[in-house]
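# Report on the structure
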Amino acid sequence: MKQNVKSKRPFIGAENFELSRSFYRDLGFEEVVIDPKMSLFRWNDTGFYLQDGYVKDWIDNTMVFMEVENTDEFFQEVQLLNLTEKYRSAKVSPVQTLSWGKECFIHDPSGVLWHFGEFF
């Protein structure tokens, strides 16, 4: 196939759609409302769809890796947002240095696990 791929956008569910929308806006994503039960969240040229739908097994097994330029700086900026104070079920884990690069973890209010990292 010779098509140029332009983007990849996973679909992510939310236990509390409004709370998750607020979380992702606070994290730095730009929201584009598609309809009352779905929004596109963009960050530069990447994005994902957040939908008002919750299946525990699906959410508990959803992981997304987002490559950032500098994981240490990203983590410092995230700490300033106080996400775990504003969103009680959110979790933020510190940067880990691994054989392939660095990453930190953020669980959104529904439990979706985000890996934010950089490659060496």
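For the structure, check the block above.
Residues numbered from 1 in each chain as written. Predicted model: local features only at pLDDT ≥ 70, side-chain atom pairs only at ≥ 80, totals over all residues. Heavy atoms only, no water.

Looking at chain direction, strand β2 (residues 30-35) and strand β3 (residues 38-43) are connected through five bridges and run antiparallel. Directly across from D35, in β3, lies its bridge partner M38. Between β2 and β3, which pair antiparallel one after the other, the connecting turn spans two residues. Bridge count between β3 and strand β4 (residues 46-51): six bridges; the pairing is antiparallel. The residue bridging L40 from the neighbouring strand is Y49, located in β4. Remark: two residues form the turn of the hairpin made by β3 and β4, two consecutive strands paired antiparallel; N44 in that turn has positive phi of roughly 55°. (Pairing = 2+ DSSP bridges. Helix = DSSP H or I, 4+ residues; strand = E, 2+ residues; numbered from the N terminus.)

In this section: the side chain of S110. Looking at the secondary structure, you find S110 in the loop between β7 (101-107) and β8 (113-119). In this view, S110 contacts G13, A14, E15, N16, S20, Y54 and I59; residues no more than four positions away in its chain are not counted. (Contact = heavy atoms within 4.5 Å.)

What follows deals with the environment of A90. As for its placement among the helices and strands, A90 is situated in the loop between α4 (83-86) and β6 (91-97). A relative accessible area of 5% places A90 in the buried class. C-alpha separation for the pair A90 and S22, spaced 68 residues apart in sequence, amounts to 12 Å. (Buried < 20%, exposed > 50% of the residue type's maximum accessible area, 1.4 Å probe, protein only.)

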